[in-house]
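Descriptive analysis of the structure
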Amino acid sequence: MTLRPRRRQRMLATVIALAALTLTGCGAGRSARVDGVSLVKGGTLTTCTHLPYAPFQFKQGAKVVGFDVDLIDLVAKRLGVRQEIIDTPFEGIKSGQDLGTGKCDIAAAGMTITDKRKKVIAFSSPYFDATQALLVKKGSGISSLADLTGKSVGVETATTGKDYVDAKRPSGVKVIEFEDLATEQQALATGQIGGAVNDLPVWLYYIKQHPGGFEVGTQFDTGERYGFGIKKGGNPKLVQIVDDVLAKAKSDGTYARLYEKWFGRKPSK
Amino acid sequence: MPRTRRTRLIRGSQYAAFGLLVLVIALTVDWPSIRDSYLDPSKAAPLFPAILTVALKNTLVYTAMGFAFAVMVGLIFALMRLSPVTPYRWLANIYIEFFRGIPLLLWLFFLGYGVPTATGRQLPFAPYSAIVLGLGMPAAAYLAETIRAGIQAVPRGQVEAARSLGMSASRAMVSIVIPQAFRIIIPPLTNELIVLTKDSSLVAILGVAAGTEELTKFGRDQLNTLVNATPLVVAGLCYLLVTVPLSLLVRRLEARNARAQ
């Protein structure tokens, strides 16, 4: 009778020791270096993004595809690694937190280069020219923010479109914030809002997918350009490689081919 | 009016009101549009098998990890609350009241964004560590109270008998009281498991890599892809697949406990 509790005690001690061993053992050897580029996870270029943002990144079945995904795949190929995509809230991406804390190596999220973001993120050279646009239901006759007086306009959380609307909206227009693009689109489709502001290419793709239902009421030329984000001061070699890959893709026609694949027309320049 | 007639009249009017409600719903609701938006088989078919092999599996794994952590930590805090050492009781009370009062979503944000910002690095084993701590620590606060109630519900005579056999106080607690306490609290413990199964839907805010999405995130993604609400309905059914059997189990266990008393 006295033997059993002691045996149980010994078993407990073994279990605790084993648990401690696995906890300490697994921590090592996760990050890695390739060509002077440090990666948070060996053999993988980890990309942070916020889905869905068609045609830049969105889910097709179980796979994440899009213009940004294809461009980052070029970078991953150059490094000889595989791209892994993490879908995470946009606040963490644009604040530089996800990059700074080693959640991912690069952020590709249709992200506009702004002075504020530059303080916390190292940006690649611009890879896309974008403007903001107001999407409305076809035939609604709305062609400016002022036309929405007494109605609501939808924006996406933490985006430059939201900043623009907050700054420029007439006093009678109510701004409603949505957590992602899909809920913003649904709100417009179901008539909860009279118009929705987001980046023009995103709306053009949406109109193409839903012919006859929607149109661009107006564009706001904000001169925005997208860049890929990399940890500020933490990975200069990766910034350089991304810029190299972008320059090469632009000169050898890969960029134009991908542009046409996702936007249905050739790049303007 | 005689009493029996009045009772019958009231009951009859309740049935009539219910019947009217059903009729109004049946006549006013646009059934074809409900079927197309929520119950479209052609939108449900492509969800399989991934909704079971990936999404439901992840929901179960996250819940199990959080629950295992919560039971262990909850037991420790339950014992601390019952401890004769005053600072232990304070500590346990602070922990329990803190986590019972904090929204789970806020706590997850703190682990996923607050801690990495303050320390400049991700938690080790992220995101699994954040999932375990995020779901487990608040659940441990609830379980601590449940386990404490269970320990106190074990008849005093059990401890006295164990002590008179020569067991030390701690030996009596580990070998005699705690096993019986857990037997008593299986129904509320199962209820907490049901709650945790649903709460696991919030971990998506920690960031999701391919293959790590749980049911709710999976449903939302497919809602975006298919532009149809059927995936949400199917995801909801998957939760019920887990929670309803657990609920039935709780009822049976409660009935058995009631009979035993």
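Before reading further, recall that the structure is shown in the block above.
Below is a summary of the structure that appears in this document. Only a predicted model underlies this, so the values are computations on that prediction, with no experimental measurement involved. (Residues numbered from 1 in each chain as written. Chains lettered and ligands numbered in written order. Predicted model: local features only at pLDDT ≥ 70, side-chain atom pairs only at ≥ 80, totals over all residues.)

1. Let's talk about the overall build of chain A
When you go through chain A residue by residue, the secondary structure sums to ten helices and 14 strands. Here chain A holds 269 residues, and 43% of them are scored as buried. A separation threshold of at least 6 residues defines the contact pool for chain A, and within that pool the share at least 24 residues apart is 70%. (Helix = DSSP H or I, 4+ residues; strand = E, 2+ residues; numbered from the N terminus. Buried ≥ 20, exposed ≤ 12 C-beta atoms within 10 Å, placed from the backbone. Contact = placed C-beta atoms within 7 Å.)

2. A word on the sheet that holds strand β1 (residues 208–209) of chain B
Read from one edge to the other, the open sheet built from six strands follows the order β8(A)-β14(A)-β7(A)-β3(A)-β6(A)-β1(B), with strand pairing classed as mixed. Each having just a single partner strand, β8 (121–123) of chain A together with β1 of chain B make up the two edges of the open sheet. Sitting on the sheet, helix α2 (residues 67–79) of chain A is in contact with β3 (44–49), β6 (82–87) and β7 (106–107) of chain A, with an inclination near 160° to β3(A). (Pairing = 2+ DSSP bridges. Axes fitted to C-alpha atoms, helices over the stretch in contact; angles between N-to-C directions.)

3. Remarks on the interface of chain A and chain B
Interface size, as often reported, equals the accessible area lost upon joining of the parts. Of the residues lining the interface, 21 residues belong to chain A; the matching set on chain B comes to 20 residues. Of all the elements in the fold, those that place two or more residues in the side of chain A that touches chain B are β4 (58–60), β6 and α4 (97–100) of chain A. Among the residues forming the side of chain A that touches chain B, the class breakdown is nine nonpolar, eight polar and four charged. (Nonpolar A, V, L, I, M, F, W, Y, C, P; charged D, E, K, R; others polar.)

4. A few points about the sheet that holds strand β11 (residues 174–178) of chain A
Hydrogen bonds between backbone atoms are what pair the strands of a sheet, whose relative direction is either parallel or antiparallel. Residue and element names in this part refer to chain A. As summarised here, the arrangement of the five strands in space is β11-β10-β12-β9-β13, forming an open sheet in which the pairing is mixed. This sheet does not close on itself; its edge strands, each paired only once, are β11 and β13 (214–226). Strand-to-strand twist of the sheet, defined as the mean angle between neighbouring strand axes without regard to direction, takes the value 25°. Across nine bridges, the pairing between strand β9 (residues 128–137) and β13 is antiparallel. Residue A133 lies in a different strand from β13, and its bridge partner there is Q219. Contacts from helix α7 (residues 181–189) reach β9, β10 (152–156), β11 and β12 (195–199) within the one sheet, and its direction differs from that of β10 by about 165°.

5. Overview of the pairing of β12(A)
Residue and element names in this part refer to chain A. Across the five residues that make up β12, a large majority, five, are buried. Relative to β12, β9 runs antiparallel, the two being bridged by four bridges. Its bridge partner being in β12, L135 is matched across the sheet by A196. In this sheet, β12 lies alongside β10 in parallel orientation, the contact comprising two bridges. When the bridges of β12 are listed, G154 appears paired with A196.

By themselves these figures say nothing about function.
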